[in-house]
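Descriptive structure summary
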Amino acid sequence: MTRNSGAFFVALDQIMITVAGLGASLMVARSVDAAAFGGFALVLAARAFLVEFGRAMCGQPFQILYGRRQDIAQPEREPKKSWRRNHERVRSRDEAVGFGFSAGALAGAALLVASLIVGSASGFLTVLAISAPFVVAQDVVRHVLMAEQGGGSIAQIDGLALVVQFIISVRALSVGAEPWWFLAAWGIGLAVSSVFSLVRFEFSVGWRTGRTWAQEAGELWPGLLTDAGLVQAQRQLSAWSMLWFGSLASVGGFRGAHTLFRPVGLASTGTKLAALPSLSLGLNGVRRVRLVSVWLVVLAGAGTVVLLTMTPPAVGTALLGDTWSVVTPFIFPVGIIQAAQGAALGPQLLIMRSQNTAGLARVRAALLVPQCGLLVLGGLLGGAVGAAYGLAIASSLAAIYWWAQLPNASPQSDGEDATDLDSLGVSAS
């Protein structure tokens, strides 16, 4: 498969994921009031939390350890070493998926208990609890297949998930089903896709699979889990701050704005998924991640302009129902946040690919306090919308700080890319 065709399939895959997630969110938004959508938004935040931790424990470690494409094409002059390397890779892919499924099952059990305690969002939370093992496992499979086969394989499994979701959603809409059915359609699609992918791509996952994954990926876990935890802590704090400085409807407005920018967020996720396993270190790597960041900033900027200048209120109301009125004040600050996060992704990828996950976490931790401080300051000055602007300013400053960690790489004297990991400002030493 050529590089261009691989990029096409990654783009196609992200379009399908965008349609799936955006479709579920819009269906719910049209079915409930702004306050109820705020409860649904918190459940979506919990789902993102679940996926990110599964990604940090399974998908990203596999891509870092086995992501180089030259590992797939084994040298003929070393058949024994080649066979051993391939055998380790196959074993590791099964271990990673098995561990992800088990971790998702444990998280699902905890969410099921939580659903018995909470009130209005209990139906959405129950659906998430039941689908949690498949949500995590399918995401791990996507990371593994991206490292091994490219975008065409993940487009297959996500396409199947979208078809199943569409069929169930149409049926639920036709009979006037409860709003949580639209989230259930999303979860069932992922479950069907997970089972299909295990069979189609010959994963060998049993109830004992995953026991040794911690031994292989454990060295990467502290940094990746800390990084994911800090990212999710900031996201959860951002969502809850809208409640502290405003109301549950403000949470719905803030998360509703993020829903409108979901194509940008998923483009960022897809770029990360595709770039991480094949990213080189040194000069070419720096050039490539600069292009990644520029692309995401332009996309977020274009989305912001479209939403601010080209979306009549009637269209917004048709998309989000009663939630639209509380979404509009958050569009501009959320657009800045999306652009700043896209700008910061480039250096984050290069640091991660160097296996310096401890340094990645240290930078994230250093940024958390000023980000929270500006968020709170904005909230005190301007309520929920002010908190969003505070976070937008903090995210922009954070993007500049991320790039300051990467001095310009220089090529080796022999013309090859430098792999000067010690030159990174976040070196593990």
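Residues numbered from 1 in each chain as written. Predicted model: local features only at pLDDT ≥ 70, side-chain atom pairs only at ≥ 80, totals over all residues. Heavy atoms only, no water.

What follows is about empty space enclosed by the protein. Using the criterion set out here, one finds three cavities of 30 Å³ or more in the structure. Within this model, the second largest cavity holds a volume of roughly 50 Å³. Lining of the second largest cavity is provided by Arg47, Leu128, Ser131, Val135, Leu183, Trp186, Gly187 and Leu190. Only helix 4 (122-148) and helix 6 (180-200) provide two or more residues apiece to the lining of the second largest cavity. At four residues, helix 6 tops the list of elements feeding residues into the lining of the second largest cavity. Broken down by class, the residue content of the lining of the second largest cavity amounts to five nonpolar, two polar and one charged. (1 Å grid on protein atoms, 1.4 Å probe; cavity = no way out; pocket = protein on both sides within 12 Å on 5 of 7 lines; lining within 4 Å. Points joined across faces, edges and corners; volume = space filled by probe spheres on them. Helix = DSSP H or I, 4+ residues; strand = E, 2+ residues; numbered from the N terminus. Nonpolar A, V, L, I, M, F, W, Y, C, P; charged D, E, K, R; others polar.)

The next subject is the packing of aromatic side chains. For any pair of aromatic rings, geometry is given as the distance between the ring centres together with the angle between the planes. Inspection of the entire model under this criterion finds eight aromatic pairs. Seen from their ring centres, Phe49 and Phe53 are 4.7 Å apart, and the 45 degrees between their planes marks the pair as tilted. With Phe49 and Phe53 both in helix 2 (residues 34-66), this residue pair falls four residues apart, about one helical turn. Classification of Phe49 by relative accessible area gives partly exposed; the value is 35%. The positively charged end of Arg93 is found above the aromatic ring belonging to Phe203, 4.0 Å away from the centroid. For Arg200, the ring lying beneath its charged end belongs to Phe201, and the centroid distance is 4.8 Å. (Phe/Tyr/Trp six-rings, centres within 6.5 Å; stacked < 30°, edge-to-face > 60°. Buried < 20%, exposed > 50% of the residue type's maximum accessible area, 1.4 Å probe, protein only. Lys NZ or Arg CZ within 6 Å of the ring centre and 35° of its normal.)

Moving on to the packing of helix 11 (residues 283-309) against helix 14 (residues 331-353). Look at helix 11 against helix 14: their axes get within 8 Å of each other, and the N-to-C directions meet at 170 degrees. The angle between helix 11 and helix 14 places the two elements in the roughly antiparallel class. Contacts between helix 11 and helix 14 pair Gly285, Val286, Val289, Val292, Ser293, Leu296, Val297, Ala300, Thr304, Leu307 and Leu308 from the former with Ile331, Phe332, Gly335, Gln338, Ala339, Gly342, Ala343, Leu345, Gly346, Pro347, Leu349 and Leu350 from the latter. The residue makeup of the contact of helix 11 with helix 14, split by class, is 16 nonpolar, seven polar and no charged. (Axes fitted to C-alpha atoms, helices over the stretch in contact; angles between N-to-C directions. Parallel < 35°, antiparallel > 145°, perpendicular 65-115°, else oblique. Contact = heavy atoms within 4.5 Å.)

Before going further, it helps to spend a moment on the pattern of salt bridges. Taken as a whole and judged by the stated rule, the model has nine salt bridges. Note that Arg55 and Asp139 form a salt bridge whose closest N and O atoms lie 2.7 Å from each other. Placement of Arg55 in helix 2 and of Asp139 in helix 4 is noted, with a sequence separation of 84 residues between them. Residue class for Arg55 comes out buried when judged on its relative accessible area of 9%. (Salt bridge = Lys/Arg side-chain N within 4 Å of Asp/Glu carboxyl O.)

As a further point, take the nonpolar core. Membership of the largest hydrophobic core comes to 50 residues, with the highest contact counts inside it found for Leu183 and Trp213. Contributing elements (two or more residues each) for this core: helix 1 (3-31), helix 2, helix 3 (79-115), helix 4, helix 5 (151-175), helix 6, helix 7 (213-217) and helix 10 (262-275). Ranked by residue count, the leading element in this core is helix 4, at 14 residues. With sequence-adjacent residues up to four places away left out, Leu183 is seen in contact with Phe40, Val43, Leu44, Phe124 and Val127. By size, the runner-up hydrophobic cluster in this structure holds 27 residues, among which are Ala343, Leu350, Leu367 and Trp402. (Core = buried A, V, L, I, M, F, W, Y, C linked by side-chain atoms within 4.5 Å.)

Nothing here speaks to function; it is geometry throughout.
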